[in-house]
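Each chain, letter by letter, is given below.
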Amino acid sequence: MSQSNDTIYALSSGSLPAGVAVLRLSGTKALEALSLVIAGDLPQPRRAALKTIRNRNKEELDQALVLQFPAPHSFTGEDCVEIHIHGSRAVAEAVFAELDSISGMRPAEAGEFSKRAYDNGKMDLLEIEGLADLLKAETEMQRRLAVEQTSGRLSELYDGWAKRLTRSRALIEAELDFSDEEDVPDSVAEQVWHDVSVLHEELTAHLRARSSSEIVRDGFKVALVGAPNVGKSSLLNALSGRDVAIVTDIAGTTRDVLSVDLNINGYLVTVFDTAGLRETTDVVELEGVRRTKQTAGRADLVLLLSDIDSDPQQLRELDELPFTGVRTKADLAHFAGDSEDALSISVKTGFGLDRLRQHIASELERLVGSSLTLVPGRARHKKRLEETLNYVRDALKSEGMDLAIRSEYLRLAATSLGRITGRVDVEELLGVIFSEFCIGK
C-alpha cells in the first residue's frame with residue numbers, strides 16, 4: 001500500500017441494506033467535500049448536525065447526520081468526515097457518485113484508514129493488529145484480548161524493555177569511553193548485567209503466556225476420536241445443536257474431518273469429528289484414519305469415545321496426548337455413572353452432556369490460566385520476542401568477551417522489540433497486516 005495524498009472515502013459500517021450507513025472520508029479535501037455535498041456551513045468539530053445531502057444539480061439525495069474531525073485530532077491524524085445516511089444501496093451509491101466527481105478523491109483500499117493512522121503516529125503496529133482482532137472477535141475472551149492490545153499497554157511494556165536495553169548500552173559505552181574517569185564507578189558493569197538478567201527473566205515469563213493468547217485468539221481445539229459407530233458424529237451434532245455431521249449405522253460414514261465452532265464460557269472452542277479408527281484396506285478410509293491421527297496430534301484436548309458396553313479402545317498414538325475417556329450410549333446401560341477414567345454420556349437423552357461441557361471448559365481454563373493481561377497475541381510477536389530473548393541470553397553468556405560485542409547483542413535485542421511495535425524496519429510487513437482489514441477501516 002503506497003503513500004498517497006488523495007482524499008479517500010468508504011462505507012465504514014456493515015453491508016447494505018441497513019438502517020444506517022456510515023461513510024467515512026479522510027484527507028486534505030475531506031472538509032471541502034463535506035461542504036460541497038451539504039451546500040452550507042460545516043458543523044462544529046465533533047458535533048453532529050442534521051444536513052441535507054445534495055448532488056451538483058442541487059437535487060436532494062438524503063437527510064444525514066454529519067460530523068467533522070479536523071487534523072490532527074482524528075482517527076487517521078488527517079481531516080476526517082463521517083456522513084450517516086439511510087442505509088439503502090441506492091442512497092449510498094448516489095452519495096458515492098457525488099464524492100467520486102470531486103477532484104482528488106477516490107475509494108479507499110482495504111485497511112487504508114488504519115494505515116494512515118499508523119503513518120501519522122496515531123497508532124503503532126501492535127495497536128493496529130489489536131484493532132484487526134477486535135473487528136473479528138466472536139467471543140468475549142477474544143474481545144478482551146483484542147481490547148488489551150489496542151489499549152497501548154502492551155506497546156508500553158515493549159517500549160519500556162527497549163529503553164532499558166538502550167540505557168544498559170549507554171552505560172557500557174560510558175565504561176568503554178571513560179574508563180579512566182573517576183565519575184564512572186566500577187559498579188556500573190555489575191549494575192548493567194544485573195538489570196539485563198532481570199529483563200531476561202521477564203521476557204522468559206512473558207513468552208510462557210503466549211500459548212494462552214493463542215488458544216483465546218485461534219480457539220481451543222477438541223478432537224473426537226474413537227472406533228466407527230461409537231457416536232462421534234452424534235456428539236458433534238449434540239454439542240453444536242444442529243445436524244453438522246451425517247449419522248448412520250454404517251461403519252465408516254465419516255471419512256473426513258468435520259468441525260464446528262462453539263462458545264463455551266466466552267472462549268472459542270472448535271470441535272473436530274474424525275473418521276473412525278480401525279484396521280481397513282479401503283484407500284479413502286485409510287486417508288481418513290491418517291487425518292484423524294493428525295487432527296488428534298494438533299488438538300488441545302482429545303475425547304476418546306467408546307460404547308458404554310464395550311472395552312475402551314487402546315490407542316498407542318494417544319499415549320502422549322491430553323485425552324479424556326468418554327463412554328457413549330449410556331441410556332443403554334443399567335448404570336450410567338461416571339467411572340474414574342471416563343465420563344458417561346447419552347446423546348439420545350442428553351445425560352452427561354453438561355458435565356462434558358464443564359470438563360472441556362475446565363481443561364481450557366487450566367491451560368489459559370486466570371489472566372490474559374499483557375500477553376503476546378500473534379506468531380509474529382512470539383518470533384520477535386524469541387529473537388530478543390536469544391540476543392539478551394547471548395549478551396549474558398558472553399562474559400569475558402569484548403564489551404563492544406556484548407553491547408551489540410543488546411542493540412539487536414532492542415531492534416527486535418522495535419519491530420513488534422513498528423518502530424523500526426517493518427515496511428515489508430505493512431501490506432500483509434493491513435490487508436486483514438475490511439474496506440472502510
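Notes on the structure in this doc start here. From a predicted model like this one, the values you see are computed outputs, not experimental measurements.

**Quick look at the side chain of Ser-240**
Move 1: Relative to the helices and strands, Ser-240 is located in helix H9 (residues 232–240).
Move 2: Relative accessible area serves as the criterion here: at 19%, Ser-240 is assigned to the buried category.
Move 3: Ignoring any residue separated from it by four or fewer positions in sequence, one finds Ser-240 in contact with Val-260 and Leu-262.

**Considering the packing of helix H5 (residues 140–150) against helix H8 (residues 210–218)**
How two helices pack is summed up by the angle between their axes together with the distance between the axes.
Move 1: One can describe the packing of H5 onto H8 by two numbers: an axis separation of 8 Å at closest approach and a directional angle of 125 degrees. As the angle between them shows, H5 and H8 are arranged oblique. Both H5 and H8 take part in a crossing whose hand is left-handed. When H5 is examined against H8, the residues Met-141, Gln-142 and Leu-145 are found in contact with a partner set consisting of Ser-213, Val-216 and Arg-217.
Move 2: Its residues assigned to classes, the contact of H5 with H8 shows 3 nonpolar, 2 polar and 1 charged.

**Re unusual backbone geometry**
Move 1: A cis amide bond, omega 0 degrees, links Leu-16 with the succeeding residue Pro-17.
Move 2: Along the chain, Pro-17 turns up in the loop between strand S1 (7–11) and strand S2 (18–26).
Move 3: The residue Ala-39 is not glycine, and still its phi comes out positive at about 50 degrees.
Move 4: With respect to the helices and strands, the residue Ala-39 is situated in the loop between helix H1 (30–38) and strand S3 (49–54).

**Brief notes about the sheet that holds S1**
Move 1: As summarised here, the arrangement of the 6 strands in space is S3-S4-S5-S2-S1-S6, forming an open sheet in which the pairing is mixed. The open sheet has two edge strands with one neighbour each: S3 and strand S6 (105–107). Shown here is a sheet whose adjacent strand axes are inclined to one another by a mean of 30 degrees, direction ignored.
Move 2: When S2 meets strand S5 (residues 80–87), the two strands line up antiparallel, connected through 8 bridges.

**A short note on the environment of Ala-162**
Move 1: Looking at the secondary structure, you find Ala-162 in helix H6 (residues 153–177).
Move 2: Separated by 254 residues in the primary sequence, Ala-162 and Ser-416 have C-alpha atoms spaced 9.0 Å apart.
Move 3: Setting aside anything within four residues of it in sequence, one finds Ala-162 in contact with Ala-414 and Leu-417.

**A look at the pattern of salt bridges**
Move 1: Within this structure, the stated rule accounts for 23 salt bridges.
Move 2: A salt bridge links Glu-112 to Arg-106; its shortest N-O distance comes to 2.6 Å. The same class applies to Glu-112 as to Arg-106, namely buried.
Move 3: Between Arg-366 and Glu-363 there is a salt bridge; the shortest N-O distance is 3.0 Å. Of this pair, Arg-366 and Glu-363 both sit in helix H11 (residues 353–368), 3 residues apart, which is roughly one turn of that helix.
Move 4: Among the residues examined, Glu-363 registers a relative accessible area of 18% and is labelled buried.
Move 5: Connected via shared salt-bridge partners are Glu-129, Asp-133, Arg-217, Asp-218, Arg-378 and Arg-380.

Rules used throughout
- The numbers attached to residues start from 1 for each chain and follow its sequence in the written order.
- In keeping with the predicted nature of the model, local features appear solely for residues at pLDDT of at least 70, side-chain atom pairs appear and are counted solely at 80 or more, and the whole-chain, interface and lining totals rest on all residues.
- With hydrogens and water excluded, all non-hydrogen atoms of the structure serve as input to the side-chain values.
- Only DSSP runs of H or I reaching four residues or more are called helices, and only runs of E reaching two or more are called strands; each is numbered from the N terminus.
- Think of it in three bands: residues with accessible area under 20% of the maximum for their type are buried, residues over 50% are exposed, and the middle band is partly exposed, with areas taken using a 1.4 Å probe on protein chains only.
- What makes two residues a contact is simply this: any of their non-hydrogen atoms within 4.5 Å.
- Angles here are taken between N-to-C directions and fall from 0 to 180 degrees, while the axes themselves are lines fitted to C-alpha atoms, restricted in helices to the stretch in contact.
- Every angle not falling under 35 degrees, over 145, or within 65 to 115 is termed oblique; those three ranges are roughly parallel, roughly antiparallel and roughly perpendicular.
- Crossings are classed by handedness, with left-handed meaning an anticlockwise turn of the near helix from the far one by less than a right angle and right-handed meaning a clockwise turn.
- Each residue receives one of three labels: charged for Asp, Glu, Lys and Arg, nonpolar for Ala, Val, Leu, Ile, Met, Phe, Trp, Tyr, Cys and Pro, and polar for the others, Gly being one of them.
- Only when DSSP finds a minimum of two bridges between them are two strands counted as paired.
- Each reported salt bridge corresponds to a side-chain nitrogen of Lys or Arg within 4 Å of a carboxyl oxygen of Asp or Glu.

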